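# Breakdown of the fold
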Amino acid sequence: MRRLTSLQTFLVLITGLQFFTFYPLLATPYLSGPRWGAFLMLPLIIYCLAFSLRRKRKKPIPALEWAALAYLIAFVPITLSSLNGFGSEAPPTNYWTTVIACIATAWLLNELLSSSNYRNAWVARLAFYAAPLIFGLSVLYLWEVLTRGLHIPFVLLPPPSMIWTRLIHSLPTLWADFQQTFLKAVITGYALGCGLGFLVAIAIDRSPFLQKGLLPLGNFVSALPVIGVAPIMVMWFGFDWQSKVAVVVIMTFFPMLVNTVSGLAATSSMEKDLMRTYAATWFQTLVKLRLPAAWPFIFNALKINSTLALIGAIVAEFFGTPIVGMGFRISTEVGRMNVDMVWAEIAVAAVAGSAFYGIVALIERAVTFWHPSVRNARTV
Amino acid sequence: MEKSNFFKDRVMPVGVILLALLVIWYVAVIFLNVPFERDTAARAGTAITFSEILPKTMFQQRPVLPAPHQVIAEIWNTTVLMPITSKRSLVYHAWITLSATLLGFGIGTVLGILLAVGIVHNRAMDRSLMPWVIASQTIPILAIAPMIIVVLNAVGISGLLPKALISTYLSFFPIVVGMVKGLRSPEQIQLDLMHTYYASPSQTFWKLRWPSSMPYLFTSLKVAIAISLVGAIVGELPTGAVSGLGARLLAGSYYGQTVQIWSALFMAAALAATLVIIVGFAHTAVLKRMGTRA
């Protein structure tokens, strides 16, 4: 058996101590709902049996990871389903010790998964992806248990289950908002802004004077709260999505310009000389040498812009919009104290934003496969 | 030699481009504001020539696009000529925004550094937390801003703190990412040297990792302070336009006061530039004291 660090031993100890206090939780007032809760204990019991039989048969001990996983499978559903049984009264102390033990076990599982080197490549990969997943799930779990167990006012922070129900039940509204804000404003603005930035960078490529003038300005503008132009754009282009497109174009233009210009400057003079010896024209040099060398910079801007675009479109909607759109929904539902709807909208925005970023990152991997950062990431 | 180069390479091009922008601005002012004057003249039933319109477009009360000199005059009026305590003083509003920015930036920096130290020293934290830190950058956090404000208001917390929290949230992530990179920047050979000195983990941290992370820290601080100003401004939008630069923007857009919007915008830009420059100075000062050739 491998040695445990002091932190890991401590976590095991917490979980072990809790074992003596959990029994009342299986009684009727707490474990309401379906009685399947008891079956969830099975993997844990099997593990305990295997553990006690180990000495007699001299078999190697089952991995501690499985024990932690079995513990979580047993107790997380039990603690979640017993939340319904409490009603309006406060949960007993042994409930909270069980919750603490669950969190400690999840932490222990993460510690084990990230500290050991698995020989099997597939297991190693699984452990690599499992660690962040377990962390995210335990945050959700803690959120659910704390908000419902402590009876935190729903206006302050609704539990995830409630947000999920709301999300499922108002899909048409959310889809309309998504269409208005994301498909119309963000995508159009992103394409226009990035395209424009790219074209301007190419256009000023042959003029060092313009580059010297525009680069410091572009860097400066990147640090400014550009989002402030939103009210002006709403005034100029009206309430509908066109004004949001304008805001997004302005926000995405400068990062793209600055990055493309510095990307085009990234080729060394040696490579340029080589192109000269080939008698390559400016256009050939651009397409065959300098643009490929600039891709990492350009994708950097594309990634930055994917978040900026969504932020720009949502914030611009705070300044005026037709009665649809993510920013509009967020600000009005906050006013009506429909906090679960706000969170549902935020969840949609989060998923859309991450997916957008992820797609850009995937394209980057495909295009700049030769870049060290991509190659290193692959070998890990 | 050095000076003329600086002039030729920096001041000249930037100056020319700024001048060109100014000219474009003035031309745009004329074209955007002419329709309004035409309409007024048509409504009054008088014919108006272009040469008569031209000066009028420069001095409209609520122009579509205010002329630069109007914006400058407004800024002058609301900063120098107005007592700072007045509710119409732009300095007062800038101060409200600045205080929220700085508080949020401070909390965000401390939190970000602490988290980065944890991530660097604990493998489990690195594996489980880092993907979320990166993913959270792709999420439009600003969308949560109105909710944080309104919800905290409902509990009775209002004023500086909610806005500062939004700034904290925004400034926190660049610092975590930058600091993790910085604290990991010492090479294996240097860490091995510390090992041969029998240095404790805390000694390695304070004498090797911390100093070598400074350039990374300041680079992310520059990003963080700019973005926390954005957070503070956006945080002021849903509070019902009481005070702060964001509130000025919102009030201006409600009442069609374009000059006010533009002056608030310029003030915000000046504020951002000043903050970034201050961080830049701190950067060079710290690096100089550490003996780095910057």
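What counts and what doesn't
- Residues numbered from 1 in each chain as written.
- Chains lettered and ligands numbered in written order.
- Predicted model: local features only at pLDDT ≥ 70, side-chain atom pairs only at ≥ 80, totals over all residues.
- Heavy atoms only, no water.
- Helix = DSSP H or I, 4+ residues; strand = E, 2+ residues; numbered from the N terminus.
- Rg over C-alpha atoms; globule rule 2.2 N^0.38 Å.
- Contact = heavy atoms within 4.5 Å.
- Areas by Shrake-Rupley, 256 points an atom, 1.4 Å probe, with all protein chains shown as cover.
- Lys, Arg positive; Asp, Glu negative; His and termini not counted.
- Charge placed at Lys NZ, Arg CZ, Asp CG, Glu CD.
- Buried < 20%, exposed > 50% of the residue type's maximum accessible area, 1.4 Å probe, protein only.
- UniProt positions renumbered as here; feature names shortened; annotations may be inferred.
- Salt bridge = Lys/Arg side-chain N within 4 Å of Asp/Glu carboxyl O.
- Buried area = accessible area lost by both parts, 1.4 Å probe.
- Polar contact = N/O pair within 3.5 Å; in protein donor to acceptor, adjacent residues only side chain to side chain.
- Phe/Tyr/Trp six-rings, centres within 6.5 Å; stacked < 30°, edge-to-face > 60°.
- Core = buried A, V, L, I, M, F, W, Y, C linked by side-chain atoms within 4.5 Å.
- Axes fitted to C-alpha atoms, helices over the stretch in contact; angles between N-to-C directions.
- Left-handed = near helix turned anticlockwise from the far one by under 90°.
- Nonpolar A, V, L, I, M, F, W, Y, C, P; charged D, E, K, R; others polar.
- Domains from an automatic or database assignment.

Along its length, chain B carries 11 helices and 0 strands. Counting from the amino terminus, chain B carries its helices and strands in the arrangement α-α-α-α-α-α-α-α-α-α-α. What you see for chain B is a C-alpha radius of gyration of 25 Å, clearly larger than the 19 Å of a compact globule of 294 residues, by over 25%. On the principal axes, the C-alpha backbone points of chain B span a range of 90 × 65 × 35 Å. The contacts of chain B with a sequence gap of at least 6 include a subset with a gap of at least 24, amounting to 72%. About 15300 Å² of surface is accessible on chain B, with carbon and sulfur atoms providing 69% of the total. For chain B, the separation between the mean place of its 21 positive charges and that of its 10 negative charges on side chains is 7 Å.

As a further point, take the overall build of chain A. Of the regular secondary structure elements, chain A holds 15 helices and 0 strands. Within chain A, the proportion of its 380 residues that are buried is 46%. Across chain A, the fraction of contacts at a sequence separation of at least 24, relative to all contacts at a separation of at least 6, is 76%. About 19400 Å² of surface is accessible on chain A, with carbon and sulfur atoms providing 71% of the total.

As a further point, take the UniProt feature "transmembrane region" (unreviewed entry) in chain B. Residues and elements named next belong to chain B. Annotation from UniProt places "transmembrane region" (unreviewed entry) at residues 12-32, 92-120, 132-154, 160-180, 216-241 and 261-287. Secondary structure over residues 160-180 splits into 100% helix and 0% strand, and the C-alpha atoms at its two ends are 29 Å apart. End C-alpha to end C-alpha, residues 261-287 measures 39 Å, and it is 100% helix and 0% strand.

With that settled, consider the pattern of salt bridges. Residue and element names in this part refer to chain A. Scanning the entire structure with this criterion turns up 8 salt bridges over all chains. Where Glu364 meets Lys303, a salt bridge forms, and the shortest distance between an N and an O atom there is 2.9 Å. Linking Glu364 in helix H14 (residues 339-367) with Lys303 in helix H12 (residues 282-317), this pair joins segments that are 61 residues apart in sequence. Exposure remark for Glu364: the relative accessible area of 13% places this residue in the buried category. Between Arg336 and Glu333 there is a salt bridge, with its nearest N and O atoms 3.3 Å apart. Note on Arg336: relative accessible area 58%, which makes it exposed. A residue is classified by how much of its surface remains accessible, and Glu333, at 6% relative accessible area, is buried.

Moving on: helix H13 (residues 326-335) of chain A. Most of H13 of chain A is tucked away: 7 of the 10 residues are buried. Along H13 of chain A, the residues that are buried comprise Met326, Gly327, Phe328, Arg329, Ile330, Glu333 and Val334 of chain A. Residues of H13 of chain A that are buried sit in contact with helix H7 (171-203), H12 and H14 of chain A together with helix H6 (145-155) of chain B. Positioned one or two residues after H13 of chain A, Met337 of chain A has a phi angle of 60 degrees, which is positive.

Turning next to the interface of chain A and chain B. At the junction of the two partners, chain A supplies 52 residues and chain B supplies 54 residues. Both sides of the chain A and chain B interface together cover about 4400 Å² of buried area, and 83% of this is carbon and sulfur. Counting across the chain A and chain B interface gives 0 salt bridges. Across the contact surface, chain A and chain B share 2 residue pairs in polar contact (both at pLDDT 80 or more). Elements represented by at least two residues in the side of chain A that touches chain B include exactly helix H4 (93-115), helix H5 (121-149), helix H8 (208-223), helix H9 (230-237), H12, H13 and H14 of chain A.

Residues and elements named next belong to chain B. By secondary structure assignment, the location of Val27 is in helix H1 (residues 2-44). With a relative accessible area of 40%, Val27 lands in the partly exposed category. With 41 residues separating them along the chain, Val27 and Pro68 place their C-alpha atoms 11 Å apart.

Moving on, we come to the packing of aromatic side chains. Residue and element names in this part refer to chain A. Summed over the entire model, instances satisfying the criterion amount to 16 aromatic pairs over all chains. The interplanar angle of 65 degrees and the centroid separation of 4.8 Å between the aromatic rings of Tyr190 and Phe356 together place this pair among those described as edge-to-face. Taken as a pair, Tyr190 in helix H7 and Phe356 in helix H14 lie far apart in primary sequence, 166 residues in all. The class of Tyr190 is buried, set by a relative accessible area of 11%. Owing to a relative accessible area of 10%, Phe356 belongs among the buried residues under this scheme.

Another point: the environment of Leu199 of chain A. Residues and elements named next belong to chain A. Along the chain, Leu199 turns up in helix H7. Look at Leu199 and you get exposed, because its relative accessible area is 55%. Along the backbone, Leu199 and Leu257 are 58 residues apart, and their C-alpha atoms lie at a distance of 8.4 Å.

Membership of the largest hydrophobic core comes to 124 residues, with the highest contact counts inside it found for Leu302 and Val315 of chain A together with Leu142, Met147 and Val234 of chain B. Considering every element that reaches this core, the biggest residue donor is H12 of chain A, with 14 residues. Leu302 of chain A has contacts with Tyr190, Cys194, Met256 and Val360 of chain A, leaving out every residue within four places of it along the chain.

The next thing to look at is the packing of helix H4 (residues 90-121) of chain B against helix H9 (residues 201-236) of chain B. All names here are of chain B. Taken N-terminus to C-terminus, the directions of H4 and H9 make an angle of 140 degrees; their axes are 8 Å apart at the nearest point. Viewed along their axes, H4 and H9 form a crossing whose handedness is right-handed. Contact residues: H4 offers Ile96, Thr97, Ala100, Thr101, Leu102, Phe105, Thr109, Ile113, Val117, Val120 and His121, while H9 offers Phe205, Arg209, Trp210, Leu217, Leu221, Ala224, Ile225, Ser228, Leu229, Ala232, Ile233 and Glu236. Residue composition of the contact of H4 with H9, by class: 16 nonpolar, 5 polar and 2 charged.

With that settled, consider the domain arrangement of chain B. Residue and element names in this part refer to chain B. Structurally, chain B comprises domain 1 (2-63) and domain 2 (90-289). A C-alpha centroid distance of 37 Å is found between domain 1 and domain 2. Across the contact, 4 residues belong to domain 1 and 7 residues belong to domain 2. Together domain 1 and domain 2 conceal approximately 390 Å² of surface at their shared face, both sides included; 52% is due to carbon and sulfur atoms. For domain 1, the biggest contributors to the area lost against domain 2 are Trp25, Arg62 and Pro63; these three give 90% of the whole. Between domain 1 and domain 2 we count 0 residue pairs in polar contact (both at pLDDT 80 or more) in total. Across the side of domain 1 that touches domain 2, the residue classes break down as 2 nonpolar, 1 polar and 1 charged.

Let's shift gears to the UniProt feature "domain: ABC transmembrane type-1" (unreviewed entry) in chain A. The positions UniProt marks with the feature "domain: ABC transmembrane type-1" (unreviewed entry) are residues 195-367 of chain A. Annotated as residues 195-367 of chain A, this span is 82% helix and 0% strand, and its ends, taken at the C-alpha atoms, are 18 Å apart.

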